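Inside the fold
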Amino acid sequence: ALLNRGHWVYVAYCAACHGIKGDGGGLGERGFAQRPTNFIEGNYVLRSALGAVPAPGDLERTIRVGMSGTEMVPFGRILSKDSIHAVAEYIRTFSPDLADPEVQPEEDELVKVPTQRPFPPSAETIAEGKQIFEDQCSDCHGDTGEGNKDETDDLGYPVDMVSFHLGYYKSGHTDEDLWRSIVTGMNGTSMEAYKEEISAEDTWKVVDYIRSLSQGANKGLIYSLFRSRPSGFDYTSY
């Protein structure tokens, strides 16, 4: 009954972009800046575990809050909690690795975001975060976070590297969301997990620096609406 409900929710709300077969090839994805997730591959970008398997609640969270700055809209105010849970369980069935409901990440793979930051943002943490960013992140995200490097995912499709100056973060709007993504990485992309490379404390400093890049940015919907235009389109003039 759960999967049957999830199937019909998927057909109604997800298949147009992600495809009936879950391969990311729905007709609605034409013209998208980035191809929708291929659920058959089982690579989930947003998760709270280090391995390939998403933790309980990860898929529901992505469906509920969407992916800011992309065509993946939040469904938290459209679908009920039960429908979101049902469609998340149905989506798992597309991947041979995740089809078994008993498949869960190992205990040592789970990453828990600290409930409290060790320090508040400051000019000092931003400056230190900038140095760490330049050492660890600039190869892909650019020297100043403009996201100017061409990247592809594991299937060879282009990854839309959003500029941090625009204030959009695919992982969510909070400092905790950014912290989690830096620690766990993003499966299926070149964004590796930095849990071993950057300490938990230094990760907060990187978050502070990334946040500082979008100070004063116009965070309206216009970028989301026009992001599928050719790369030469001047988003900042609107």
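Our structure's up above, just so we're on the same page.
Residues take numbers from 1 onward in each chain, read along the sequence in its written order. Reporting in this predicted model follows two pLDDT cut-offs: at least 70 for local features of residues, and 80 or more for side-chain atom pairs to be given and counted; totals over whole chains, interfaces and linings ignore these cut-offs and use all residues. The basis for the side-chain values is all heavy atoms of the structure; hydrogens and waters are excluded.

**Brief notes about the overall build of the protein**
In DSSP terms, a helix is any run of H or I states spanning at least four residues, a strand is any run of E spanning at least two, and both are numbered starting from the N terminus. When its secondary structure is counted, the protein shows nine helices and two strands. Counting from the amino terminus, helix and strand elements in the protein follow one another as α-α-α-α-α-α-β-β-α-α-α. Relative to its 238 residues, the protein shows a buried fraction of 44%. For the protein, the proportion of contacts with a sequence separation of at least 24, taken over those separated by at least 6, is 60%. Computed with a 1.4 Å probe, the accessible areas rest on the Shrake-Rupley method; for each residue, only the protein chains presented here act as cover. As displayed, the protein offers around 12700 Å² of accessible surface, 52% of which is attributable to carbon and sulfur atoms. Throughout, exposure labels follow a simple rule: accessible area from a 1.4 Å probe, protein chains only, divided by the maximum for the residue type, with under 20% read as buried, over 50% as exposed, and the rest as partly exposed. Every residue pair with non-hydrogen atoms within 4.5 Å of one another is taken to be in contact.

**Here's the deal with the nonpolar core**
In plain words, nonpolar cores are sets of buried Ala, Val, Leu, Ile, Met, Phe, Trp, Tyr and Cys residues tied together by side-chain atoms within 4.5 Å. Residues Phe133, Phe164, Trp179, Ile182, Val206 and Ile210 are the most contacted members of the largest nonpolar core, which totals 19 residues. Put simply, the parts of the chain that give this core at least two residues each are helix 5 (123-136), helix 7 (175-184) and helix 8 (200-213). Ranked by residues supplied to this core, first place goes to helix 8 with six residues. Look past the residues within four positions of Phe133 in its chain and what remains in contact with it is Ser138, His141, Gly142, Asp143, Gly145, Phe164, Val206, Tyr209 and Ile210. Ranked by size, the runner-up nonpolar core spans 18 residues in total, among them Tyr10, Phe39, Ile63 and Ile91.

**Considerations on the packing of helix 7 against helix 8**
Axes here mean lines fitted to C-alpha atoms, for a helix over just the part in contact, with angles spanning 0 to 180 degrees between N-to-C directions. Where helix 7 meets helix 8, the axes come as close as 9 Å, and the angle between the chain directions of the two elements is 120 degrees. As the angle between them shows, helix 7 and helix 8 are arranged oblique. With respect to the hand of their crossing, helix 7 and helix 8 are arranged in right-handed fashion. Residues Asp175, Glu176, Leu178, Trp179, Ile182 and Val183 of helix 7 form the contact with helix 8, whose own contacting residues are Ala200, Thr203, Trp204, Val206, Val207, Ile210 and Arg211. Gly counts as polar in this scheme, as do all residues outside two lists: the nonpolar Ala, Val, Leu, Ile, Met, Phe, Trp, Tyr, Cys and Pro, and the charged Asp, Glu, Lys and Arg. Residue classes in the contact of helix 7 with helix 8 are distributed as nine nonpolar, one polar and three charged. Angular relationships are summarised with four words: roughly parallel below 35 degrees, roughly antiparallel beyond 145, roughly perpendicular across 65 to 115, and oblique for the angles in between. Handedness of a crossing is defined here by the sense of rotation of the near helix relative to the far one, left-handed for an anticlockwise turn of less than a right angle and right-handed for a clockwise turn.

**Quick word on helix 7**
Along an α-helix, residues three or four positions apart point the same way, because every turn accommodates 3.6 residues. The element helix 7 is largely enclosed, with a buried count of nine among its 10 residues. Within helix 7, the full set of buried residues consists of Asp175, Asp177, Leu178, Trp179, Arg180, Ser181, Ile182, Val183 and Thr184. Buried residues along helix 7 sit in contact with helix 3 (58-65) and helix 8. In the segment just after helix 7, Gly185 is the residue with positive phi, at about 75 degrees.

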